[in-house]
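Observations on the model geometry
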Amino acid sequence: MAEVPDEQLMLAYRGGDAGAFETLYTRHRVSLFRFVLRSIKARAAAEELFQEIWMRVIESRATYRPSARFTTWIYTIAHNRMVDHWRRGGLTLVSLDSEDLPANDPGPQRHVEGREALARFAAALEGLPAAQREAFLLHEEAGLTVPEIAAATGCNEEAAKSRLRYAMAKLRAAVDDG
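In this report, we go over the structure that sits alongside the text. (Residues numbered from 1 in each chain as written. Predicted model: local features only at pLDDT ≥ 70, side-chain atom pairs only at ≥ 80, totals over all residues. Heavy atoms only, no water.)

1. Concerning the nonpolar core
In terms of nonpolar packing, the biggest core is built from 46 residues, with Leu32, Phe35, Val36, Ile40, Ile74 and Tyr75 touching the most fellow members. Elements supplying a minimum of two residues to this core: helix H1 (6–14), helix H2 (18–39), helix H3 (43–60), helix H4 (70–89), helix H5 (108–127), helix H6 (130–140), helix H7 (146–153) and helix H8 (157–176). For Val36, the contacting residues outside a window of four places in its chain are Ala46, Leu49, Phe50, Ile53 and Met82. (Core = buried A, V, L, I, M, F, W, Y, C linked by side-chain atoms within 4.5 Å. Buried < 20%, exposed > 50% of the residue type's maximum accessible area, 1.4 Å probe, protein only. Helix = DSSP H or I, 4+ residues; strand = E, 2+ residues; numbered from the N terminus. Contact = heavy atoms within 4.5 Å.)

2. Quick word on the pattern of salt bridges
All told, the structure shown has nine salt bridges when counted by the stated rule. Across the salt bridge formed by Arg34 and Glu141, the nearest N and O atoms sit 2.4 Å from each other. One end of the pair, Arg34, is in helix H2; the other, Glu141, is in the loop between H6 and H7, and 107 residues separate them in sequence. Classification of Arg34 as partly exposed rests on a relative accessible area of 34%. (Salt bridge = Lys/Arg side-chain N within 4 Å of Asp/Glu carboxyl O.)

3. Structural notes on the packing of aromatic side chains
The final tally for this structure, using the stated rule, is ten aromatic pairs. Arranged with centres 6.4 Å apart and planes meeting at 75°, the rings of Phe50 and Trp54 form a pair that is edge-to-face. You can see Phe50 and its partner Trp54 sitting in helix H3, four residues apart, about one turn around the helix. Both rings, one in Tyr64 and one in Trp73, keep their centres 4.9 Å apart while their planes meet at 70°; by these two values the pair is edge-to-face. On the basis of relative accessible area, Tyr64 is assigned to the buried category, the value being 1%. Through successive ring pairs, a cluster of aromatic residues spans Tyr13, Phe21, Tyr25, Phe33, Phe50 and Trp54. The ring of Tyr166 has Arg165 lying over it, and the distance from NZ or CZ to the ring centre is 5.5 Å. (Phe/Tyr/Trp six-rings, centres within 6.5 Å; stacked < 30°, edge-to-face > 60°. Lys NZ or Arg CZ within 6 Å of the ring centre and 35° of its normal.)

4. Details of the packing of H6 against H8
Between H6 and H8, the least distance of the axes is 8 Å, while the angle of their chain directions is 90°. Classified by the angle their axes make, H6 and H8 are roughly perpendicular. For the pair formed by H6 and H8, the contact residues are Ala131, Gln132, Ala135, Phe136, His139 and Glu140 on the first element and Ala160, Arg163, Leu164, Tyr166, Ala167, Met168, Lys170 and Leu171 on the second. Of the residues in the contact of H6 with H8, the class split is nine nonpolar, two polar and three charged. (Axes fitted to C-alpha atoms, helices over the stretch in contact; angles between N-to-C directions. Parallel < 35°, antiparallel > 145°, perpendicular 65-115°, else oblique. Nonpolar A, V, L, I, M, F, W, Y, C, P; charged D, E, K, R; others polar.)

5. Section: the environment of Ser39
Along the chain, Ser39 falls in helix H2. Engagement of the side chain of Ser39 in a polar contact is seen with the backbone oxygen of Phe35, the distance being 2.8 Å. (Polar contact = N/O pair within 3.5 Å; in protein donor to acceptor, adjacent residues only side chain to side chain.)

6. Some details on the side chain of Thr153
For Thr153, the location among the structural elements is in helix H7. With residues up to four places along the chain from it excluded, the contact list for Thr153 reads His79, Glu134, Leu138 and Arg163.

7. Details of the packing of H1 against H2
Where H1 contacts H2, the two axes come as close as 7 Å, and the packing angle between them is 140°. The element H1 and its partner H2 pack so that their crossing is left-handed. On the side of H1, the interface is formed by Asp6, Leu9, Met10, Ala12 and Tyr13, while H2 contributes Ala18, Ala20, Phe21, Thr23, Leu24, Arg27 and His28. The residue inventory of the contact of H1 with H2, partitioned by class, reads eight nonpolar, two polar and two charged. (Left-handed = near helix turned anticlockwise from the far one by under 90°.)

Here it is in structure tokens:
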């Protein structure tokens, strides 16, 4: 049985099917929260923004129109909520630490090398300009394409492509320099 597309689920939710919302939430909650958490350093603030995003989805159900993929639509909402957050208090990024490392330890030397590479990557990610970091996270965390990143962030496709390309190059260089 084929999976019901997100856009159809949102239309069903607009029509009163609460189960459709539950399916959408289950599908997108992990990647959306990870995107917000990695964009906002403070976990409490990330949790609050995450809830605000889903509240905006609920509030917008009556006016929802599937003019783009659901993921583009919800990550546009996330982008706008984060921009509001940054305007209120500044831009930070969650740091990655040893809790994010895999449980199966490949040995002390590889463990140290992995931690060093992870630290270089986290520092490089935090050091990216906000627009490049967001493009990278939308691509990697949300799985958005360049046109979808452009739509979600309100820039043109060429700018989105450039932001993503520069972010990838800087991150690759940071990890390879180790």
